[in-house]
Each structure stands twice: as C-alpha cells, then as structure tokens.
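These are the residues of each chain, in order.
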Amino acid sequence: MRLSTIKRAAMVLALAVGSARAAPPDTILLHGHILTADAQGRVVQALAISGGRIAALGSDAEIGKLAGPKTRVIDLKGRTATPGLNDTHAHIMSTGLGELNEIPLAGARSVADVVAAVARRVATTPKGQWVVGVGWDEGKFTPVTYPTAADLDAVSPDNPVWLENTTGHYGVANSRALALAGLGAATPDPPAGTIERLGDGRPAGVLKESAQEIVTRLIPPPSPEQRRAALAHMIRRLHTEGMTGFKDPAISPDDWAAYRDLARAGQLPINACVLFAGGRSLASATAALGHIRAAQADLATLPAGGSLNVCGVKLFLDGSGAAPTAWMYQEWNRNRTQIATGNRGYPQIDPDEFRRMVSLFVGNGIGIGTHAIGDRAIDWAVDIYAETLKATPARDLRLSIIHANTPSDHAIATMKALQRDFGSGYPESQATFAWWIGDIYAANLGHDRSQRLNPFATYVKQGVIWGGGSDSGVTPFPARLGLWASVAREPAGGTWGKTPFGTAESIDPLTALTSYTRWATPLIRADNSGTLAVGKAADIAVWDRDLTKVPTAQIKDMKADLTLFRGQVVYERAP
C-alpha cells in the first residue's frame, strides 16, 4: 500500500472517530477479529455503528471510548466478524414455496426413496389433488437412474404427480399427470425441450426444459398469502446463515407483488433485488419490460431507504449440465468416459432472437442476467453483450452471465473487457455445483471439461471478478457452503473420486469471501454494503470460527452466531 493511501485511510478513520464523539454510537463491537473485506484486506478489533452505518473502525481502546450510556456493547470474545454474505443467484421465492408446501426430496438416495415419499404425501392428500415434490438428484441414487411414471403410478393412481429435479431443468410426472396434459406417444418434442420416451415411443415420465411446461402449466399457482409466507420464511432462514442479501431471478408479477407488499409493510430486512422472467422471444421480452417498468414505479411508492431493488431481466440461453441439455461445442459425456453421441445440448432461445432481446433491454437501460452453462452458450452471451454495448454504449448495467460453468478462454477475455469498459460481463457462479450435483456433473462433463468447471483461479489471474451464489433450490442456499466449495471443489458422493474437478482452480478462503461480499453486492444493487468500511451499511455476520484459520473441511460447518442488518440484530444463535 502506498504511503499516501495509508495517510488517507488514517484521516478517514480520524474524521469518523471525531464525528462519533459528537454523538455516541448506537452499537459497538469489541474484542473481535473483524475481516473488513475491503480492497486492502484490513482486519480490526472493533467497530462502531450509528444510524445503521459503520461510524468508526479501530482498536478496542479507540472504539471503546466512544460508547455512551445508551450504546449497546457487543463483546465478540475473539470471534470473527465479516460483512454479511450475499447470494447473487438464488430462487428465494420458489425455494420458500418448496420448503413450506412440497415434498422435500433432496435426501432421497434411490428411486425407492422417492416413491416412498410420494406414497406418504398421497396418503394425506385428497383424491384428484396435485402432489408436488422437489429436489431429487439421480446422481445421488444407487443405481443412477431417473424415476419414471411407472414407478410413481403404483402409489399414486388417483393423484397427478410432478417431481422437479434439483436443477429445475427436468422433472418426472406420473401417468395421471401425463394424461391430464394430453401427453402421449404422438406428442412431438416441443422446441427447446425433450420428452424422454420408452422403447415404444410412449413418454417415460421425465420431461426436460420446455417440455416440462406441458405438465407444470396445469399445477395450481400459489396464493398471494403463500408467496408472502414463503418469502418471510426464507428471510428468516437466510439470517440464520449470516446472509444479508440476494438476487432472485426469473420471478413473475405475482412474486413481485409479495416482495412489494413485504417491503411496504417494513418486513423486508434484507438486501433483495429481482430479475423478471424474460421468456424465449422478443414478444415475451417486451412483456417483461412492461412488468419491469411497473415494478420500478412501485419502488417509487415504497418508504424511502428501502432494501428492495429491480435488477432487470433473466434470459435462458441454454439448459442444464445435469440434464445434460446445455449448449456445448463438443458432445457431452456420460459415465465420465463415454461419449453421448450427437448430444451437444441446444439453445433455449434462437440465437438471433437472443440478440434482439438483449438489444431491447440494453436500449432501455435494463440489466440482464443470461443463463449460460455450456461453453458455446457462454461465448454467444458475452459476444452479444459486447456487440450490443458497442452499438449502444451503456455503462454500469451490470449485465451478467449466470452460472458460466465452463467458459472458454475467449469468453474470459471478453468478460474482462466488458467489466473494464462497460461495468458488465460478470459471472454469477455457483461453487456448490461441484459439490451438490458434482457427481452427475463429473459424469457428464468428462475429465478435461471438469477441470474448467468454475475457473475461479483463472478469473483471479485474468482480473475478472465474479459473484458467488447457490442457485437455490438447485443446491442448498447457505453461503458458507459456497465458501467451502470454492476452496475444496469436492463432490458430495465421490463417485468419480474426491477431486474429479482438480484443484488448479481452487482459491483461498479470503478470495472466496470476497466473491460473497465486496464483489457480490454490486451485482444485487446493494452498493452500500459488502465491506465493513466507514459510511457503509452495518450488514455484519459474526461466526463461531475464523474461515481463514480452520482446516478447509471445517469451513462448510461454520455457524453464524449473530447477524446484523443495517445495525439491527436480526438473528442471534441460542447459547
């Protein structure tokens, strides 16, 4: 650090301390190991909070003497504090709805487990009503196989059933659901979708990508009350994990109403931003633009200083690495070494239509998050971003590439240029893909491509920053799991060994922390958060251990002891 920088930092701290003396802080944290996550990597013992913002940082002696008779003193007792953690891509509304209303299938380890869970729910569900579940992953099954309609029919003859895979890109229906949808042997695969079939052409029950909508459009939507309850439930859950911000992608206008209503009632104590679903065509994109404008108008009617933002639109350019339907240059693998002949995945949006959709949103000053998993899709996304921004220069739209699992060297170089020149081109990556769905990913990517999954070390070398996330409910949402997975890169089951993705792209815990704090908050439009610096929001997590000092395996077991949002304690772990 240059001497001039040190002097400026000292002046800022002195001014802050002087100001704090005029009015004692509301709260002070003492005797801690406080990782500020700022660009200088400062670590301090104590900090003071006034009016929901950081008022001063320093030693115990410097901060302690600022306390007044009404100041709350929190003794950290040597514990580590960090900025609150954030998730740049988490389906918070749908995760909450799933946790409160659907069969949880994440723990299933066989098709028999799935069938047994359905049988239990059917036993308490009136005939004719839908039975819905979420979270199964055939990569965790023994043997590795999809559940089928025939498997489900034995326990659900009178109820339509739909069970969503953990990725959200495919699911399985029973025969009653298929019949209600009019889906039979003569039904063609829809554009950008796949109907898995039996040898005689009849649907096996598994529907991928757009084919899911043939069945899911029939499931009754959640009520407004259920949406509000799901959101409130998830905010509480996030706080217990030391999390103070997120971006919820592909929401509907009905979802937005729940966000707006909670914000209006003062019941949204978290930094939240949303992306509206953009669909697959210019027509659907134009409709989404209307929803975004209406939501922006709603924001103007909410109490000042709120924590809700509209970040723009989400576009689906390709599919899933688990299905596998993501758009790749080379054929997918199966069982690690076999070639899935002819399967390179496919785009979810016609590439030229995607260009027109991006142009629409950029021209209207709207942010975009593009789902792109395969290397070919990622190239297309960043190239269209670059082309559009060159034609219509717009800074700070913070256009992102959601997932960006296996980017090419070209894509990484283009991301760097976009970030430098336009404040766009940011990967929003899920380190937990290598863990939670890592066994099926390793099988489908094969050895060589697996090494490029989430190339965080390369990003660091190339000067590319990214935001961490979970894609909840694809993987569990606690950000501590992403911190660990960014370092460990270990799959849940170890089917293909402990490190099928290698460790060359591993990063250190502090860099991982940065991807969930300082680099993440701009991507959720929470620019006043993400570091513990004077003037920033006092969004803070206090942990039971120091992630920089414990063995890597222990990072995933971190527990938040205390979470503050804008200086207010929103969670405190019971002793």
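See the structure above.
Within each chain, residue numbers correspond to sequence positions counted from 1 in written order. Only residues with pLDDT of at least 70 are given local features in this predicted model, and only at 80 or more are side-chain atom pairs given and counted; all residues enter the totals for whole chains, interfaces and linings. As a rule here, side-chain values come from all non-hydrogen atoms in the structure, and water together with hydrogens is ignored.

Caption draft 1: Main features of helix H8 (residues 224-239). Along its 16 residues, H8 runs 23 Å from first to last C-alpha, staying within 8% of the 22 Å computed at 1.5 Å per residue. Throughout, exposure labels follow a simple rule: accessible area from a 1.4 Å probe, protein chains only, divided by the maximum for the residue type, with under 20% read as buried, over 50% as exposed, and the rest as partly exposed. Strands are runs of DSSP state E lasting at least 2 residues, helices are runs of H or I lasting at least 4, and numbering of each runs from the N terminus. Those residues of H8 that sit buried are Arg227, Ala230, Leu231, His233, Met234, Ile235, Leu238 and His239. Should any heavy atoms of two residues lie within 4.5 Å, those residues are counted as being in contact. For H8, the secondary structure elements touched by its buried residues are helix H3 (92-101), strand E15 (243-251), helix H9 (253-264), strand E25 (560-565) and strand E26 (568-572). Any helix carries an expected span of 1.5 Å times its number of residues minus one.

Caption draft 2: A look at the packing of H8 against H9. At a minimum axis separation of 9 Å, H8 and H9 run at an interaxial angle of 60 degrees. Considering their axes alone, H8 and H9 lie oblique with respect to each other. In this structure, H8 crosses over H9, and the sense of that crossing is right-handed. For the pair formed by H8 and H9, the contact residues are Arg227, Arg228, Leu231 and Ala232 on the first element and Asp254, Asp255, Ala258, Tyr259, Asp261 and Leu262 on the second. Throughout, an axis means a line fitted to C-alpha atoms (over the contacting stretch in the case of helices), and angles, computed between N-to-C directions, take values from 0 to 180 degrees. By definition in this entry, angles of less than 35 degrees are roughly parallel, angles greater than 145 are roughly antiparallel, angles of 65 to 115 are roughly perpendicular, and the rest are oblique. Each crossing gets its handedness from the near helix: less than a right angle anticlockwise from the far helix is left-handed, clockwise is right-handed.

Caption draft 3: Fine view of the sheet that holds strand E6 (residues 72-75). Taken in spatial order, the four strands line up as E5-E4-E1-E6 in an open sheet, and their pairing is mixed. In this open sheet, the two strands that pair with only one neighbour each are strand E5 (53-58) and E6. Direction aside, neighbouring strands of the sheet carry axes that sit 20 degrees apart on average. One bridge is not enough; two strands pair if DSSP finds at least two bridges between them. Across three bridges, strand E1 (residues 27-30) lies against strand E4 (residues 46-50) in antiparallel orientation. In the sheet register, Thr27 faces E4, and the bridge partner there is Ile49.

Caption draft 4: Layout of the packing of helix H12 (residues 375-391) against helix H13 (residues 409-422). For the pair H12 and H13, interaxial distance at closest approach is 9 Å and the crossing angle is 30 degrees. Here H13 runs roughly parallel to H12, going by the angle between their axes. Between H12 and H13 the crossing geometry is left-handed. Across the interface between the two elements, Ile378, Asp379, Val382, Asp383, Tyr385, Ala386, Leu389 and Lys390 from H12 touch His410, Ala411, Thr414, Met415, Leu418 and Phe422 from H13.

Caption draft 5: Broad picture of the state of the cysteines. Two cysteine sulfur atoms make up a disulfide if the distance between them is within 2.5 Å. For the structure shown, the criterion picks out one disulfide. Covalent S-S linkage joins Cys273 and Cys311, the inter-sulfur distance amounting to 2.3 Å. Measuring the twist about the S-S bond at about -110 degrees, one finds the Cys273-Cys311 disulfide to be left-handed. Placement of the pair is Cys273 in strand E16 (residues 271-277) and Cys311 in strand E17 (residues 308-316), with a sequence separation of 38 residues. Classification of Cys273 as buried rests on a relative accessible area of 0%. With relative accessibility at 11%, the residue Cys311 sits in the buried group.

Caption draft 6: Region of the structure containing the environment of Phe361. With respect to the helices, strands and loops of the structure, Phe361 is situated in helix H11 (residues 351-363). Each C-alpha atom, one on Phe361 and one on Thr286, is 8.8 Å from the other, the two residues being 75 residues apart in sequence.

Caption draft 7: Quick peek at the pattern of salt bridges. Throughout this description, the term salt bridge denotes a Lys or Arg side-chain nitrogen within 4 Å of a carboxyl oxygen of Asp or Glu. One pass over the full model with this rule turns up 29 salt bridges. Residues Asp189 and Arg197 are paired through a salt bridge, measuring 3.1 Å at the closest nitrogen-oxygen approach. The shortest N-O distance in the salt bridge between Glu196 and Lys208 comes to 3.4 Å. Of this pair, Glu196 sits in strand E13 (residues 193-197) while Lys208 sits in strand E14 (residues 203-209), placing them twelve residues apart in sequence. A residue is classified by how much of its surface remains accessible, and Lys208, at 6% relative accessible area, is buried. Within the structure, one salt-bridge network assembled from shared partners comprises Glu225, Arg228, Arg260, Asp261 and Asp298.

Caption draft 8: Examining the sheet that holds E13 more closely. Taken in spatial order, the six strands make up an open sheet running E9-E10-E11-E12-E14-E13, and their pairing is mixed. If you trace the sheet from one side to the other, it starts and ends with strand E9 (103-104) and E13, each paired once. Here E13 pairs with E14 via four bridges, running antiparallel. If you follow Ile195 over to E14, its bridge partner there is Leu207.

Caption draft 9: Geometry of the packing of aromatic side chains. A pair of aromatic rings is counted whenever rings of Phe, Tyr or Trp (Trp by its six-membered ring) have centres within 6.5 Å, and the orientation is called stacked for planes under 30 degrees apart, edge-to-face for over 60 and tilted otherwise. Scanning the model with the defined rule gives 14 aromatic pairs in all. Consider the rings of Phe456 and Trp466, whose centres lie 4.7 Å apart with planes at 5 degrees: the pair is stacked. Taken together, the positions of Phe456 in helix H16 (residues 456-462) and Trp466 in the loop between H16 and strand E23 (467-468) put the pair ten residues apart, joining distant regions of the chain. As far as the burial class goes, Phe456 and Trp466 line up, both buried. Feature note: the residues Trp136, Phe141, Tyr146 and Tyr170 constitute an aromatic cluster, connected by ring pairs. Geometrically, a charge over a ring is one whose NZ (Lys) or CZ (Arg) sits within 6 Å of the ring centre while staying within 35 degrees of the ring normal. Here the basic side chain of Arg449 rests over the ring of Trp332, its NZ or CZ set 5.5 Å away from the ring centre.

Caption draft 10: A look at unusual backbone geometry. Look at the link from Ala323 to Pro324: it is a cis peptide, with omega at -15 degrees. Between Ser472 and Gly473 the backbone carries a cis peptide bond, its omega angle lying at 0 degrees. By secondary structure assignment, the location of Gly473 is in the loop between E23 and helix H17 (479-488). Not every positive phi belongs to a glycine, and Asn335 is a case in point at roughly 50 degrees.

Caption draft 11: Layout of the nonpolar core. Remark: nonpolar core denotes a set of buried residues (Ala, Val, Leu, Ile, Met, Phe, Trp, Tyr, Cys) joined through side-chain atoms within 4.5 Å. Residues Tyr259, Leu268, Phe361 and Tyr441 are the most contacted members of the largest nonpolar core, which totals 124 residues. Considering each element in turn, this core owes the most residues, seven residues, to H12. The next biggest cluster of nonpolar side chains, apart from the first, holds 16 residues, and it includes Leu57, Leu532, Ile540 and Val542.

Caption draft 12: Representation of the pairing of E5 in the model. Within E5, five of the six residues are buried, which leaves the element mostly enclosed by the surrounding structure. Looking at chain direction, E4 and E5 are connected through five bridges and run antiparallel. Bridging across to E5, Ile49 finds its partner in Ile54. With antiparallel pairing between neighbouring strands as the criterion, E4 and E5 make up a hairpin whose turn holds two residues, including Gly51 at a positive phi of roughly 55 degrees.

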